[in-house]
Amino acid sequence: MPIYERLIIIKTDAQDRQYKKMTETPIPKLVSALAVPTVISMLVSAIYNSADAYFVSRIGTSASGAVGVVFSLMAIIQAIGFTIGMGSGSIIARLLGAKKGDEAAEVASSGLFAGISFGIIIILAMSFKMPFFMKSFGATDTILPHAVQYGRYIVFGAPFMMGVYALNNILRSQGKAKYAMLGITSGAILNIGLDPLFIFTFKLGTAGAALATLLSQIISFSILLSFFFTGKSAVKLSVFKISRSVMTYLNIFKTGLPSLARQGFASVAVMLLNRSAALYGDAAVASMSIVGKVFMMIFAVMLGIGQGYQPVLGINYGAKKYDRVKSAFYFTFFLSLAVACVLGVPVFVFARRIMAMFTKDDIKVIEYGVTALRAQCFALVLIPINNICSMTLQMTGKSWTATLLSCMRQGIFFIPLILILPKYMGIGGVQYSQPIADAVTSICAIPFGVQFIKELKE
């Protein structure tokens, strides 16, 4: 038998084993097995983001505020990266469920190509106008020099970040969560180690933290890409598979549109949050940046559970195994709710100690942050409703409905609140806008979830 025929047989057997695993393994065991590595990778990523805030805060309050300002830039990169990654991943999962491997390979190759291309466009668009963009994102005169130093390296890392988002989602969409975890966590751990080395030992300051982030993203991209050329992925990447059809890319972007809405509005929301907080000084900007980093760690666990659920949902939906889809929906929701309760209580109780970990000298930063942390804890138990409903609609191809739901949290509710409440509540309006938006969005998500379950029964 010719070698290429043997390779085809091996590839087909691997795909069949993975299909059987995803469509026959008991739901609690399967979702948990996929959720653990995604939770680890999300948590490690959140820790390294918090590590940036921690080490940079040692430079000063203005430098700490710069991390929050540049987060708007990173949110733009994440918005496009998640759009392409989630759009590709959702389509790939359903194609694998329908046993259409060649079409899945075309979507994967095209998605990666689109991500890297958009990263290059960001370099060309933003690298020469960095001070202008940093001011637009809410940098004060004292924060601006740190934000410019930090932002320049982040911009040049855009193609690699885009590639990481695409490859990570392609691996997760086929149930290869362990490999996705290895790629993400390797870069994140490297970042944590390089931060103090570049910032303090090499005396690069804020630029050192950004350089550490850039190098870690390059490493993550390289590791994730290697899995596709060493037989670890059931979906193959090839330059010859890159689609020339506009419809392929439109379908990816349409399916990923909820992620674009979610991350795009998040970018605008962070910018408006920084601008509103800046009216009360650098301490307010720094405190809200720290609060965002802390809750990013909690959201990382909840999102990791949801991302373990997504390939189970997509592949079984594509295979028309709707009883398994419904079981996965309920199991993931209740697991996320339990996690929100378990993590929210200690954050509420130890809010002051948590803030003091990031800044011991600035009392205002601590006071502003304690109030915001505790307010966010009250809304935390409602967030799983919105997360699960949004992920479910997106993974099952209900792009427009999922987009509407994604627009609610940061767009329809938060942006008006952050523009209005500070005028009447002062700094309290800055602190309470996000928790109120989270609570209202989650309540509005309930009918979408009920309707989805009803359609499955029919």
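Everything discussed here concerns the structure shown above.
Residues numbered from 1 in each chain as written. Predicted model: local features only at pLDDT ≥ 70, side-chain atom pairs only at ≥ 80, totals over all residues. Heavy atoms only, no water.

## Considering the pattern of salt bridges
Defined as follows: We define a salt bridge as a side-chain nitrogen of Lys or Arg found within 4 Å of a carboxyl oxygen belonging to Asp or Glu. Secondary structure is summarised from DSSP: a helix means a run of H or I of at least four residues, a strand means a run of E of at least two, and numbering begins at the N terminus for each. Accessible area is worked out with a 1.4 Å probe on protein chains only. A residue is then buried under 20% of its type maximum, exposed over 50%, and partly exposed in between.
Applying the stated rule across the entire model yields three salt bridges. The salt bridge partner of Glu-455 is Lys-398, with a shortest N-O separation of 3.3 Å. Residue Glu-455 is located in helix H18 (residues 427-457), and its partner Lys-398 is located in the loop between helix H16 (383-395) and helix H17 (399-425); the two are separated by 57 residues in the primary sequence. In this structure Glu-455 comes out as partly exposed when scored by relative accessible area, which is 35%. According to the relative accessible area criterion, Lys-398 is partly exposed, its value standing at 23%. Arg-409 is the salt-bridge partner of Asp-438, the closest N and O atoms lying 2.4 Å from each other. Linking Asp-438 in helix H18 with Arg-409 in helix H17, this pair joins segments that are 29 residues apart in sequence. Look at Asp-438 and you get buried, because its relative accessible area is 1%.

## Quick notes on the packing of aromatic side chains
Using the following cut-off: Geometry of aromatic contacts follows a simple scheme: Phe, Tyr and Trp rings, the Trp one being its six-membered ring, pair when their centres are within 6.5 Å, and the pair is stacked under 30 degrees between planes, edge-to-face over 60, tilted otherwise. Counting as a charge over the ring demands two things of the Lys NZ or Arg CZ atom: a distance within 6 Å of the ring centre and an angle within 35 degrees of the ring normal.
For the structure shown, the criterion picks out 14 aromatic pairs. Aromatic side chains Phe-132 and Phe-133 sit 5.4 Å apart centroid to centroid with 70 degrees between the ring planes, which places their arrangement in the edge-to-face category. Exposure remark for Phe-132: the relative accessible area of 54% places this residue in the exposed category. One aromatic cluster is present, formed by Phe-132, Phe-133 and Phe-137 through successive ring pairs. In this arrangement the basic side chain of Lys-99 is found over the ring face of Tyr-19, its NZ or CZ atom lying 4.6 Å from the centre. The cationic tip of Arg-374 hangs over the ring face of Phe-348; the distance from NZ or CZ to the ring centre is 5.4 Å.

## Quick look at the nonpolar core
Using the following cut-off: Residues belong to a common nonpolar core when they are buried Ala, Val, Leu, Ile, Met, Phe, Trp, Tyr or Cys residues joined through side-chain atoms within 4.5 Å. Contact criterion: two residues are considered in contact whenever any of their non-hydrogen atoms come within 4.5 Å of each other.
In this structure, Met-134, Ile-154, Phe-295 and Leu-373 are the most contacted members of the largest nonpolar core, which totals 135 residues. The element best represented in this core is helix H12 (residues 282-318), accounting for 19 residues. Beyond its immediate stretch of four places on either side in the chain, Leu-373 contacts Val-291, Val-294, Phe-295, Val-347, Ala-351, Ile-354 and Met-355.

## Thoughts on the packing of helix H14 (residues 351-358) against helix H15 (residues 363-380)
Our working definition: Working convention: axes come from line fits to C-alpha atoms, limited for helices to the stretch in contact. Angles between N-to-C directions cover 0 to 180 degrees. Roughly parallel here means an angle under 35 degrees, roughly antiparallel means over 145, roughly perpendicular means 65 to 115, and every remaining angle is called oblique. Note: crossing handedness is left-handed where the near helix turns anticlockwise from the far helix by less than a right angle, and right-handed where it turns clockwise.
The contact between H14 and H15 brings their axes to 9 Å, and the two run at 135 degrees. Between H14 and H15, the interaxial angle falls into the category oblique. In this structure, the crossing between H14 and H15 has a hand that is right-handed. Along the contact surface, H14 presents Ala-351, Arg-352, Ile-354, Met-355 and Ala-356, while H15 presents Val-365, Ile-366, Glu-367, Gly-369, Val-370, Leu-373 and Arg-374.

## Observations regarding the side chain of Gln-310
By secondary structure assignment, the location of Gln-310 is in helix H12. The contact partners of Gln-310, leaving out residues within four places of it in the chain, are Met-86, Arg-172, Met-391 and Met-395.

## Looking at helix H10 (residues 246-255)
A turn of α-helix holds 3.6 residues, and therefore any two residues three or four places apart point the same way. Definition in use: Arc, as used here, means the arc of the directions from the helix axis to the C-beta atoms.
When we look at burial in H10, the residues that qualify are Thr-248, Tyr-249, Ile-252 and Thr-255. Looking straight down H10, one finds its buried side chains confined to an arc of 135 degrees; they lie on one side. For H10, the exposed residues set more than 90 degrees away from the buried face come down to Val-246 and Met-247. Looking at the buried side of H10, the elements it contacts are helix H3 (61-97), helix H4 (101-126), helix H11 (257-278), H16 and H17.

## Quick look at a nonpolar patch on the surface
We count it as follows: Only residues whose relative accessible area exceeds 30% and that form no salt bridge enter a patch; like-charged residues are grouped when within 9 Å of one another, and nonpolar side chains (Val, Leu, Ile, Met, Phe, Trp, Tyr) when within 5 Å. Note that accessible areas follow from Shrake-Rupley with a 1.4 Å probe, and for residues the cover is restricted to the protein chains shown.
A cluster of nonpolar side chains, namely Leu-419, Ile-420, Tyr-424, Met-425, Tyr-432, Ile-436 and Val-440, defines an oily patch on the protein surface of about 660 Å² accessible area. If you list the elements that add at least two residues to the nonpolar patch, you get H17 and H18. If you tally residues by element for the nonpolar patch, the top one is H17, at four residues. Here Val-440 shows up in helix H18.

## Points about unusual backbone geometry
For Lys-99, which is not glycine, the phi dihedral falls at a positive 60 degrees. Residue position: Lys-99 is located in the loop between H3 and H4. Positive phi is not limited to glycine here, since Lys-203 has a value of about 55 degrees. Within the secondary structure layout, Lys-203 lies in the loop between helix H8 (177-201) and helix H9 (206-227).

## Let's talk about the environment of Tyr-48
Tracing the chain through its elements places Tyr-48 in helix H2 (residues 27-57). For Tyr-48, the residues in contact, after removing those within four places along its chain, are Ala-188, Asn-191, Ile-192, Asp-195 and Gln-217.

## Some points on H15
Stated precisely, the cut-off is as follows: One less than the residue count of a helix, multiplied by 1.5 Å, gives the span that helix is expected to have.
Here H15 contains 18 residues, and its C-alpha end-to-end distance of 26 Å stays within 8% of the 26 Å for a straight helix at 1.5 Å per residue. Along H15, the residues classified as buried are Val-365, Ile-366, Tyr-368, Gly-369, Val-370, Ala-372, Leu-373, Ala-375, Gln-376, Cys-377, Ala-379 and Leu-380. In this structure, the buried side of H15 is in contact with H12, helix H13 (322-349), H14, H16 and H18.

## Observations concerning the environment of Ile-120
Here Ile-120 shows up in helix H4. Residues Ile-120 and Tyr-424, spaced 304 residues apart in sequence, show a C-alpha to C-alpha distance of 43 Å.

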